[in-house]
Amino acid sequence: MIDVAIKLGLAMVVFFGVLNLAGLHTWIERKQSAIIQDRIGANRASIFGFKLLGLFHPLADAVKMFTKEDIIPARGDKVLHTLAPAFSVFFALAAFAAIPFGDRLMLGGRVIELQVAKLDVALLYIFAMLSLGVYGVILAGFASRNNYALLGGLRATAQMISYEIALGIAIIGLILVYQTLDLQDLVRAQGKLLGGWIPLWGIVVQPVAFFVFVTAALAETKRIPFDLPEGESEIIGYFVEYSGMKFGMFFLTDFLETIMVACLAATLFFGGWQVPYLMPDGFHFPWGGSFAVSHWTYVLMGVASFSLKVLFFCWLFMQLRWTLPRFRYDQLMKLGWLGLFPVAVANVVVTASVLYWLGGRN
Amino acid sequence: MAVKVVRRRELTFWEKLYIPQILSGLKITSKHFFRNLLLHIAHRLGLLKHLRASVTYQYPEEPRPLMSRFRSRHRLTVRDEGTPRCVGCMLCETVCPAKCITILAGEHPDPNVEKYPVRFDIDLGVCVYCGYCVEVCPEDAIRMDSGILDVAAYSREEMKLDIHELMNPALRKPVGECNLPFPHQCRLTGGQIKGSWEEVASGRR
Amino acid sequence: MPALTIDGRRIDAPDGSTVIQAAEQAGIFIARYCYHPGLSIAGNCRICLVEVEKNPKLQIACNTPVMEGMVVHTNSGKAEDGRRAVLEFLLANHPLDCPVCDQSGECDLQNFYMNFGLYDPRFEEQKVKKKKAVAIGPHVMLDQERCILCSRCVRFTDEITKTGEFGIFNRGDKAELGLFPGQTLDNAYSANVIDICPVGALTEMDFRFKARVWYLSSAPSVCNGCAQGCNIDVHFVLNRPHLNDGARIMRLKPRYNPDVNQWWMCDEGRFGFGWIDRGRLTKVLHHGVQSAWDEAMAAIASSLPQLRLGVIASAQLTVEELFLIREVFHDAQITASVPEAPGSSDDFLIQADKNPNTLGAAWLGFAQRDIVHDALQGRIDALWVFGHDLAKLFGEETLQELSSKLRLFVYSGTNENPTSSSATWALPAAAYLEKEGTFVNCHGRIQRVRQAFPPLLDSREDWRLLLDLARQINRPRHYRNPQEIFLGLAATEVRFKNLNYEAIGTQGFPLHD
Ligand code: SF4
Ligand code: SF4
Ligand code: SF4
Ligand code: SF4
Ligand code: FES
């Protein structure tokens, strides 16, 4: 009973945190782009005269989305049309279940893993969820009964499937190195030190995989520079026939996926909740000093470390989004199949060979 | 016709790799981001106010400084006794490329003035703000220096200015009452002539 | 016939002519203020200075007789300098009134300044003040400051009207134009001084401030005020309805025709255009109730064959329309004359007959006939009246009696009047400035009236309505416009034989019995 309650609690925490971050993303998006472009950004929404740097705009947006008329095309498929955005959001959210956001917490003799679902195959699970997200997109395009939407859906599907392959292969190298699909184990494995100094993070052992992964994952999120399925002002995309909160859900999905990618990047390549030189009993610096911390402090520092890393990646992706121009479709396909895919495969081969040569562990 | 073949330069390996380019792009956007972010924070603390963190003007709280030759809404200059300087020569009506000025001239009791506008309307919904009317006026009677920019209305009718609003730029729609003493035609009186020169004379005394 | 050279061109000028006339004959324009071809020569403005070879000083072209072998330069540097200096003097005391001056746009001071003046003014002293905006008669406004003392107006009242109201008083820069004490400028031709005044000293009171002259469009026509048929230009504005309360015509100006009116016209004709824009009949009326052209024509056409028709045509109609009336109503009683009292007349232009086309009607065989009497006697039971107001001519009671007796009473005319309201059908007709056609004046000269602007609202030209009616009563005439009607007329009437609109032209064509 208590186990269930704990799991529920964890789920609530993740749910709450992720959804809020996604909501906040609309604000970050506006403000960051504004600051990059020497502007001020949305700052007019106010409650009792308080403007709070425009933080009420996401709130106003939400109110607007919920109160807007929900339009379903007369000849569209009503059921699928309603289901599609729910699919998208559901799978995007479900993936977060397997993300570990802290080390295990000892509480009253219990061991609580700070991860909603402790899965042996967490990595596979996350990729499965992300792949299922394609359904939301293709269904949206199909159910709208709009040629543009359908074409947008097809573009999105082709793009997501193409890049999923590179994405999948990119992390094989990582799995080869760390020998596990369990993300919690994978993060722990990154706590080791290389030569006593350098934390053995994914980025250190698999730099190529990192670049391939980030690129492909960004393509998965369908945002600039990969926003060919739907380019706000100029490309009609799969959710053209959506309005109100259903449209909002697609929007939310975009942000959720961005956060997901940030989480994955942090977990796989930047040591997840690891803090350099912090062991469960305290800091052990390579130059010999050490500094003991309590268990709670240790766990919270882990959570904080993970959060900071995720936020950094969110910022970085946003920065990229406001820096790069959009690809052309043929360039997009070329990059996926002729660029990332071979590189990822080569990375796997090289990694495998090196590992074999290093000691025939396998 | 001679054909000029323009060849595209082949990209170098580094350029094809794209990553250095992305990084240089990131460098630019990040430079702006951090500089502006720091300035915004400094401004909150009351520092570095002389450096602008953004090019945005927070109109209408913070109006943009107008250049001295900026053309804003028209006004008619006024004589001491409260009649328009305009002598109804209709040169502005003639030169106006948008044909948005409507003037009806009348007899002024002073033979040295002789003529004045009984009606003077400008349809701002049609005006192109070229300033020709100002340039052509021989009497310096019409100017575009009122500094009024926020000319907006919910109907075409409301975009039409009559002699009241032109003589007194402070007036805004709806113009309350007709307070011009000299005989004139305005919308407040439904196109009827109102006022008399005796009123003007008594006002001067 | 002395031969001379002006600006390098050899000209054979008639004996006794002056250099300005010889130049004009060769198409060379010499600036002038005081010179007017219709008036005696005064030679006092000095703007017409030209250089004559072997002559040390510049000469005034308007008063230098031509001589054999003379060599004249009108735009040599010397001549231009001279004219520029004259202009500068003329403008020394001239007020800067152009913005309020009704002459501006057609002012010779402006024109000549732009042509050859273009100097920078040097006059810094106080200008002499004189009287401004003085009404010196029912039609004319005087501004003494603007006057350049050319004396054209003085000579006009001395020589043409012989009324002598004007004089130039005082000396030097105090000299001013004015009326002799106790006079008003109210002769029958007073407004002509407005036309001849080269500047804005004399302006029209009717046209005053109504429009700027550059707003005006112009069309050549003929005055319909009397049998003289003075040639006129119609000045009108169509695209600025806020001016002049939406009236189209702004003013009439005489048009030069040496055989009819020279440069002049009478005030009555000049200011008698008000009815064209005011009080017009604009809708088809059936017993005073608004109706439509189709209904009216169908109703009239269906009842006409059973009725004995009388037609009172009018000498205000064009020759073409009278011809059509004769053709279409060939079995009806027709006349064009009504008992009108003769109007004022003089031995210059004004004729007692106030209709422009009386002779044309007579030549087409329109006889005198008392059709109103016939109608009252019951000899006819349908009456068609073109333009006349029977109430004014025969009295209100006769009109009432007529309208009660007649089975069909059609009025086609331009304006609302008692006749239009008591007619069975009142048809709005186009005014003479709204249609093409010809008038024959009292001297047998056929002249064209031209359409200046389209008929007002629902009104139609009489020729158009006659052609329409002819088709509906199965007597179709295959004309499409007044020109074709006129050709048909020229083919049947000997007096008009071989004539066409081109031959009549803008100056008319003299016809004789
Ligand atoms: S600014 Fe130009 S368009 Fe506007 S009223 Fe003046 S002349 Fe006309
Ligand atoms: S140009 Fe000047 S004086 Fe003339 S009508 Fe226009 S405002 Fe009046
Ligand atoms: S007379 Fe001619 S120059 Fe003089 S004010 Fe009138 S328009 Fe101007
Ligand atoms: S009023 Fe006109 S016509 Fe008469 S003298 Fe003066 S300028 Fe000449
Ligand atoms: S025109 Fe010759 S002196 Fe006036």
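Every chain is numbered on its own, with residues counted from 1 as its sequence reads. Whichever chain is written first is A, and whichever ligand is written first is 1; the rest continue in order. The predicted origin of the model limits local features to residues at a pLDDT of at least 70 and limits the giving and counting of side-chain atom pairs to 80 or more, whereas totals for whole chains, interfaces and linings rest on all residues. The basis for every side-chain value is the complete set of non-hydrogen atoms in the structure, without hydrogens or water.

1. Some words on the overall build of chain C
- Tallying secondary structure elements over chain C gives 17 helices and 23 strands in all.
- Judged by the C-alpha coordinates and their principal axes, chain C covers about 85 × 50 × 40 Å.
- For each residue, the accessible area found with a 1.4 Å probe, counting protein chains only, is set against the maximum for its type, and the residue is called buried under 20%, exposed over 50%, and partly exposed in between. Here chain C holds 513 residues, and 58% of them are scored as buried.
- Whether two residues touch is decided by their heavy atoms; if any such pair falls within 4.5 Å, the residues are in contact. Partitioning the intrachain contacts of chain C with sequence separation of at least 6 by distance along the chain shows that 65% fall at a separation of at least 24.
- Total accessible area on chain C is roughly 21,600 Å²; 50% of this is exposed by carbon and sulfur atoms.
- Neither His nor the chain ends is counted toward charge; the positive residues are Lys and Arg and the negative residues Asp and Glu. To locate a charge, the coordinates of NZ of Lys, CZ of Arg, CG of Asp or CD of Glu are taken. Placing the 53 positive and 62 negative side-chain charges of chain C at their respective mean positions leaves the two points 2 Å apart. What counts as a helix is a DSSP run of H or I of at least four residues, what counts as a strand is a run of E of at least two, and both are numbered from the N terminus. Note on areas: Shrake-Rupley with a 1.4 Å probe; residue coverage comes only from the protein chains shown.

2. A few points about the overall build of chain A
- The helix and strand inventory of chain A stands at 11 helices and seven strands.
- Radius of gyration: C-alpha atoms only; globule rule: 2.2 Å multiplied by the number of residues to the exponent 0.38. What you see for chain A is a C-alpha radius of gyration of 22 Å, in line with the 21 Å of a compact globule of 362 residues.
- Overall, chain A is about 65 × 55 × 50 Å in size when its C-alpha atoms are taken along their principal axes.
- Across the 362 residues that make up chain A, the buried fraction comes to 51%.
- A sequence separation of at least 24 residues applies to 77% of the contacts in chain A between residues at least 6 apart.
- Surface summary for chain A: the accessible area is close to 16,700 Å², and the carbon and sulfur share equals 73%.
- Charge-centre separation for chain A: the mean point of 26 positive side chains lies 3 Å from the mean point of 23 negative side chains.

3. Concerning the pattern of salt bridges
All names here are of chain C.
- The salt bridge definition used is simple: a Lys or Arg side-chain nitrogen within 4 Å of an Asp or Glu carboxyl oxygen. One pass over the structure, following the stated rule, counts 62 salt bridges over all chains.
- In this structure, the salt-bridge partner of lysine 132 is glutamate 145, at a minimum N-O distance of 3.0 Å. In this pair, lysine 132 sits in the loop between α3 (108-117) and β6 (134-135) while glutamate 145 sits in the loop between β7 (140-142) and α4 (152-160), placing the two residues 13 residues apart along the sequence. Across the pair, glutamate 145 and lysine 132 agree in class, each one buried.
- Note that aspartate 233 and arginine 255 form a salt bridge whose closest N and O atoms lie 4.0 Å from each other. Note that aspartate 233 is positioned in strand β12 (residues 231-236) and arginine 255 in the loop between β13 (249-254) and α6 (267-270), a separation of 22 residues in sequence.

4. Overview of the sheet that holds β7 of chain C
All names here are of chain C.
- Following DSSP output, two strands are said to pair if at least two bridges run between them. In spatial order, the strands read β6-β7-β10; together these three strands make up an open sheet with antiparallel pairing. Two strands close off the open sheet at either side, each with one partner strand: β6 and β10 (202-204).
- As judged from the two bridges shared by β6 and β7, these two strands associate in the antiparallel manner. Looking at β7, one finds that valine 134 is bridged to leucine 142.

5. As for the sheet that holds strand β3 (residues 115-123) of chain B
- The sheet built from three strands is open, its strands ordered β2-β3-β5 (chain B) with antiparallel pairing. Each edge of the sheet is formed by a strand with only one pairing partner; in this case those strands are β2 (101-107) and β5 (160-161) of chain B.

6. Things to note about the site of ligand 3
- Near residues are defined by distance, with any heavy atom within 4 Å of the molecule or strand qualifying the residue. The environment of ligand 3 is made up of His94, Asp97, Cys98, Cys101, Ser104, Cys107, Leu109, Gln110, Arg146, Val199 and Gly200 of chain C.
- Three residue categories are used. Nonpolar comprises Ala, Val, Leu, Ile, Met, Phe, Trp, Tyr, Cys and Pro, charged comprises Asp, Glu, Lys and Arg, and polar comprises the others, including Gly. Considered class by class, the residues forming the shell around ligand 3 number five nonpolar, four polar and two charged.

7. Digging into the pairing of strand β1 (residues 102-107) of chain A
- Relative to strand β2 (residues 110-114) of chain A, β1 of chain A runs antiparallel, the two sharing four bridges. When the sheet's bridge partners are listed, methionine 106 of chain A is paired in β2 of chain A with valine 111 of chain A.

8. What about the interface of chain A and chain B?
- In this complex, chain A contributes 19 residues to the contact, which on the side of chain B involves 21 residues.
- Defined here as a combined quantity, buried area equals the accessible surface (1.4 Å probe) lost by two parts on assembly, summed across both. Roughly 1,700 Å² is buried in total at the junction of chain A and chain B, and carbon and sulfur atoms are behind 64% of that figure.
- Applying the counting rule to chain A against chain B returns one salt bridge.
- Close ionic contact of arginine 44 of chain A with glutamate 61 of chain B constitutes a salt bridge, the shortest N to O distance being 2.9 Å.

9. Let's talk about the site of ligand 2
- Taken together, 14 residues lie near ligand 2, and Cys86, Cys89, Met90, Cys92 and Cys137 of chain B sit nearest.
- For the shell around ligand 2, the class distribution of residues is 12 nonpolar, one polar and one charged.

10. A few points about the interface of chain B and chain C
- Between chain B and chain C, the contact holds 20 residues from the first and 18 residues from the second.
- Remark: the boundary between chain B and chain C carries four salt bridges.
- A salt bridge links arginine 208 of chain C to glutamate 114 of chain B, with the shortest nitrogen-to-oxygen separation between them at 2.9 Å.
- In protein, a polar contact requires one atom able to donate a hydrogen and another able to accept it; more generally it is a pair of N or O atoms within 3.5 Å, and residues adjacent in sequence count only if both atoms are side-chain atoms. Taken together, the links from chain B to chain C amount to 11 residue pairs in polar contact (both at pLDDT 80 or more).

11. Focus on the packing of helix α9 (residues 319-328) of chain C against helix α16 (residues 482-492) of chain C
All names here are of chain C.
- Closest axis-to-axis distance for the α9/α16 pair is 9 Å, and the angle between their directions is 65°. As the angle between them shows, α9 and α16 are arranged roughly perpendicular. Two packed elements cross with a definite hand, and for α9 against α16 that hand is left-handed. For the pair formed by α9 and α16, the contact residues are Val319, Glu320, Phe323 and Leu324 on the first element and Pro482, Ile485, Phe486, Gly488, Leu489 and Thr492 on the second.
- Across the contact of α9 with α16, the residue classes tally to seven nonpolar, two polar and one charged. Lines are fitted to the C-alpha atoms to define the axes, a helix being fitted only along its stretch in contact, and any angle between axes, read from their N-to-C directions, falls within 0 to 180 degrees. Throughout this description, any angle smaller than 35 degrees is read as roughly parallel, any larger than 145 degrees as roughly antiparallel, any in the 65 to 115 degree range as roughly perpendicular, and the remainder as oblique. For any helix crossing, the convention is left-handed if the near helix is rotated counterclockwise from the far helix by under a right angle, and right-handed if that rotation is clockwise.

12. Some words on the domain arrangement of chain C
- Domain ranges listed in this record stem from an automatic or a database domain assignment. What the domain assignment reports for chain C is domain 1 (3-92), domain 2 (125-209) and domain 3 (285-510).
- A C-alpha centroid distance of 42 Å is found between domain 2 of chain C and domain 3 of chain C.

13. Describing unusual backbone geometry
- With omega at 5°, the peptide bond leading from isoleucine 224 of chain A into proline 225 of chain A counts as cis.
- Within the secondary structure, proline 225 of chain A sits in the loop between α8 (207-221) and α9 (244-269).
- The omega torsion of the bond from tyrosine 59 of chain B to proline 60 of chain B falls at 5°, within 30 degrees of zero and hence cis.
- Locating proline 60 of chain B in the fold gives a position in the loop between α2 (19-44) and β1 (75-76).

14. Description of the packing of aromatic side chains
Residues and elements named next belong to chain A.
- Paired rings are identified among Phe, Tyr and Trp, the last through its six-membered ring, by centres lying within 6.5 Å, and are further divided according to the angle between planes into stacked (under 30 degrees), edge-to-face (over 60) and tilted (the rest). Enumeration over the complete set of coordinates arrives at 53 aromatic pairs over all chains.
- Note on tyrosine 242 and phenylalanine 250: the rings are 4.9 Å apart at their centroids and 75° apart in plane angle, and the pair reads as edge-to-face. Phenylalanine 250 matches tyrosine 242 in its accessibility class, with the two residues each being buried.
- Measuring from ring centre to ring centre gives 5.5 Å for phenylalanine 283 and phenylalanine 285, while their planes differ by 5°; the resulting arrangement is stacked.

15. Section: α3 of chain C
Residue and element names in this part refer to chain C.
- Taken together, the buried positions of α3 are occupied by Asp108, Leu109, Phe112, Phe116 and Gly117. With its buried residues spanning 105° around the axis, α3 presents them on a single face.
- Turning to α3, the residues buried within the fold contact α2 (77-92).
- Just past α3, the residue leucine 118 takes up positive phi, approximately 50°. In this description, the arc belongs to the directions extending from the helix axis to the C-beta atoms.

16. Describing the confidence of the model for chain C
- In the predicted model, chain C carries a mean pLDDT of 90, and 100% of its residues have values of at least 70.
- Scored as a whole, the predicted complex attains pTM 0.73, and scored at its interfaces, ipTM 0.87. pLDDT measures the predictor's confidence residue by residue and takes values from 0 up to 100.

17. Re the side chain of glutamate 257 of chain A
Residue and element names in this part refer to chain A.
- Examined against the element boundaries, glutamate 257 turns out to sit in helix α9.
- Look at glutamate 257 and you get buried, because its relative accessible area is 7%.
- Contact partners of glutamate 257, with chain neighbours within four places excluded, come to Glu220, Thr221 and Lys222.

18. Some words on the nonpolar core
- Throughout, nonpolar core names a set of buried Ala, Val, Leu, Ile, Met, Phe, Trp, Tyr and Cys residues whose side chains join them through atoms within 4.5 Å. With 87 residues, the main nonpolar core has Phe96, Ile126, Phe213, Leu256, Leu268 and Val310 of chain A as its most contacted residues.
- Per element, the largest residue contribution to this core is 13 residues, and it comes from α9 of chain A.
- Other than its neighbours up to four places away in sequence, leucine 256 of chain A contacts Val18, Leu19, Ala22, Val89, Ala92, Leu93 and Phe96 of chain A.
- Of all hydrophobic cores here, the second largest spans 83 residues; its members include Ile6, Ile60, Leu142 and Ile350 of chain C.

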